[in-house]
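Overview (structure and organization)
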Amino acid sequence: MLAAPVLWFPEEASFLTVISLALLSVVWLMRLFRHDPVPVTPLNGALLLWVAMVAVGMSVTAFPVIALPKATGIVLGLATWVYLVRLGVRGVPAPVAVVGLAALGFGVASLGLLMTDWPAKVPLLSVVLAHLPPVLLRVPGAPDAGVHANELAGAVAPFVPLALSLILSGCATDSASQRRRWPAGVLIALGVASLVLAVLSQSRSAWLGVVGGCAAVAALWAWLSPSRRLAWGLRLALFTGLAGVVAAGLWLGED
């Protein structure tokens, strides 16, 4: 937490950036020597390869000044992931984790509304965007025109499939307690807000990501759901959606 502001804006205080990176390295090395490595997860191998490629990219970049904020942001993200995995191993209550994730998502969405440079691609959405305030908040290192809408869409899009999964979970099991439903409702609200922002961003990549993520979640629930009615309903919806995509592709291809 102490290193986060410095690693977010590494160019504002280069000396503190070096100290923060050094302290993180010391903490990780101490845990390694104490035989307290990162807990084993399915992502360990992928993250190890990812970190190695980031190191290669930084070593050969022609513009280290431009690449530095991205690299320190990646280090901060990795440190956050390691911290959250350790908390999960220790048994953090699920409602606490859900509320924390929701707070982070709502924070990103709220800042996005204040910092994003909304494009004008789709006429119907442009009418809606005309009622939103212009860029009201600027942070060091950000473009003068504001944050690109594609970046905001990429940050909020993963919450949409998560919300869909929670909704399907509630449809599959009716015995969930009120204690579990309240944190799930928070994430569902975040998913709806994220979907709205992803649509307003007019980012085709985000739209494809949301559709693909939701389709993957629906396919998993169709395969694993204990409710046969829900499973068959999802299979029908997926088949209909796939048939619609194929038909649209053939129709557009002919034009």
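Just above, that's the structure.
Residues numbered from 1 in each chain as written. Predicted model: local features only at pLDDT ≥ 70, side-chain atom pairs only at ≥ 80, totals over all residues. Heavy atoms only, no water.

A look at the packing of helix 2 (residues 14-33) against helix 4 (residues 64-90)
As a reminder of what qualifies: To define axes, lines are fitted to C-alpha atoms, for helices over the stretch in contact only, and angles between the resulting N-to-C directions are given on a 0 to 180 degree scale. Numbering goes from the N terminus for both helices and strands, where a helix is a DSSP run of H or I of at least four residues and a strand is a run of E of at least two. Take the far helix as the reference: if the near one is turned anticlockwise from it by less than a right angle, the crossing is left-handed, and if turned clockwise, right-handed. We call two residues in contact when some of their heavy atoms are within 4.5 Å.
Look at helix 2 against helix 4: their axes get within 12 Å of each other, and the N-to-C directions meet at 35 degrees. Here helix 2 and helix 4 pass one another in a crossing that is left-handed. Contact residues: helix 2 offers Thr17, Leu21, Leu24, Trp28 and Arg31, while helix 4 offers Thr72, Val75, Leu78, Ala79, Arg86 and Arg90.

Description of the pattern of salt bridges
A side chain of one charge can pair with a side chain of the opposite charge if their charged atoms are brought near each other. What counts here: We count a salt bridge whenever a side-chain nitrogen from Lys or Arg sits within 4 Å of a carboxyl oxygen from Asp or Glu.
All told, the structure shown has one salt bridge when counted by the stated rule. Close ionic contact of Glu151 with Lys70 constitutes a salt bridge, the shortest N to O distance being 3.9 Å. Placement of the pair is Glu151 in helix 7 (residues 149-156) and Lys70 in helix 4, with a sequence separation of 81 residues.

Here's the deal with the layout of surface pockets
Convention followed: Computed over the protein atoms alone on a 1 Å grid, cavities are sets of points where a 1.4 Å probe fits but cannot get out and pockets are open sets with protein on both sides within 12 Å along at least five of seven lines; a residue lines them when it has an atom within 4 Å of a point. Grid points are joined across faces, edges and corners, and a volume is the space filled by probe spheres set on the points. Basically, the charged four are Asp, Glu, Lys and Arg, the nonpolar ten are Ala, Val, Leu, Ile, Met, Phe, Trp, Tyr, Cys and Pro, and anything else, Gly included, counts as polar.
For the second largest pocket, the calculated volume is near 450 Å³. The set of elements that each furnish at least two residues to the lining of the second largest pocket consists of helix 2, helix 3 (44-60) and helix 4. Residue contributions to the lining of the second largest pocket peak at five residues, all from helix 2. Residues belonging to the lining of the second largest pocket are distributed by class as follows: eleven nonpolar, two polar and three charged.

Observations regarding unusual backbone geometry
The phi torsion of most residues other than glycine is negative, and most of the peptide bonds are trans. Phi at Gln202 takes a positive value of approximately 60 degrees, unusual for a residue other than glycine. Its place among the elements puts Gln202 in the loop between helix 9 (178-201) and helix 10 (204-224).

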